[in-house]
Amino acid sequence: MNDETSVQASGPAAELSSVLIPLLKGVSYRADDAAHWSALLELQGRVRDHVAVLGLELMVDEAEGYAFLRSRTVPDDDPAAKLPRLVARRPLSFPVSLLLALLRKKLAEFDAAGGDTRLILSREQVAELLRVFMPEGSNEARLIDQVDTHLNRVVELGFVRRLRGQDGMFEVQRILKAFVDAQWLGELDARLAAYRAQLQGRVEPDEE
């Protein structure tokens, strides 16, 4: 192998790559890697320019300590609208959407109360959130099975993470606030009432 092909990226290019690669894989959290977070804040201008070529935009919330990439919103008549999406849309089932709404409301209540910055919930507490939306007489064992299924999906989406060494315990990730905004949250009670009526009036659909 000659010198030209064996040379690895170094200097500014390597710094940018070290920031970009984790972002392309998923959400970056300040709490997970302080050094990466510091580099991201320092290089965010270059990151924005780089990902814009891919039809993406960098979203950074310094207060909450997370950053992620999302597809840029462009008008339908913009040539960029015809480009394939690098970040795919993820259709959600009705129960998973409901669970995300309930977790977002719980996070808002938790923040309003002050104190700890980490919202930790047990599987049983999550089940209790969903129980009031289940038809009367629902089988308890089946409810827990459903909760596990929906929680697994929410974990895959990155909105909740399992706590290591604590079986059945979950931390709600604060990035959920970026996907359920304040305006949507203000209408949440009406939405949840509609969810309750919908859940009690039909059989739960399979996730798409």
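Residues numbered from 1 in each chain as written. Predicted model: local features only at pLDDT ≥ 70, side-chain atom pairs only at ≥ 80, totals over all residues. Heavy atoms only, no water.

Draft legend 1. Local environment of the sheet that holds strand E1 (residues 28-29). As summarised here, the arrangement of the three strands in space is E1-E3-E2, forming an open sheet in which the pairing is antiparallel. Sheet topology places E1 and strand E2 (56-61) at the edges, where each strand pairs with a single neighbour. Two strands pair when backbone bridges link them, and E1 and strand E3 (residues 66-71) are joined in this way by two bridges, in the antiparallel orientation. Among the inter-strand pairings, Tyr29 is bridged to a residue of E3, identified as Tyr66. Across the sheet, helix H3 (residues 34-52) is in contact with E1, E2 and E3; its angle to E2 comes to roughly 155°. (Pairing = 2+ DSSP bridges. Helix = DSSP H or I, 4+ residues; strand = E, 2+ residues; numbered from the N terminus. Contact = heavy atoms within 4.5 Å. Axes fitted to C-alpha atoms, helices over the stretch in contact; angles between N-to-C directions.)

Draft legend 2. Expanded view of the sheet that holds strand E5 (residues 160-162). Taken together, three strands build an open sheet; the order of strands is E4-E6-E5 and the sheet is antiparallel. Edge positions in the sheet fall to strand E4 (119-122) and E5, since each of these pairs with one other strand and no more. Across the sheet, the mean angle from the axis of one strand to that of its neighbour is 30°, orientation sign disregarded. Here three bridges tie E5 to strand E6 (residues 169-172), and the two strands are oriented antiparallel to one another. Opposite Val160, over in E6, you have Val172 as the bridge partner. Against the sheet, helix H4 (residues 94-113) makes contact with E4, E5 and E6, and its axis sits at roughly 130° relative to E4, the strand it touches most. Where helix H5 (residues 123-131) meets the sheet, its contacts fall on E4 and E6, and the angle it forms with E4 comes to roughly 85°.

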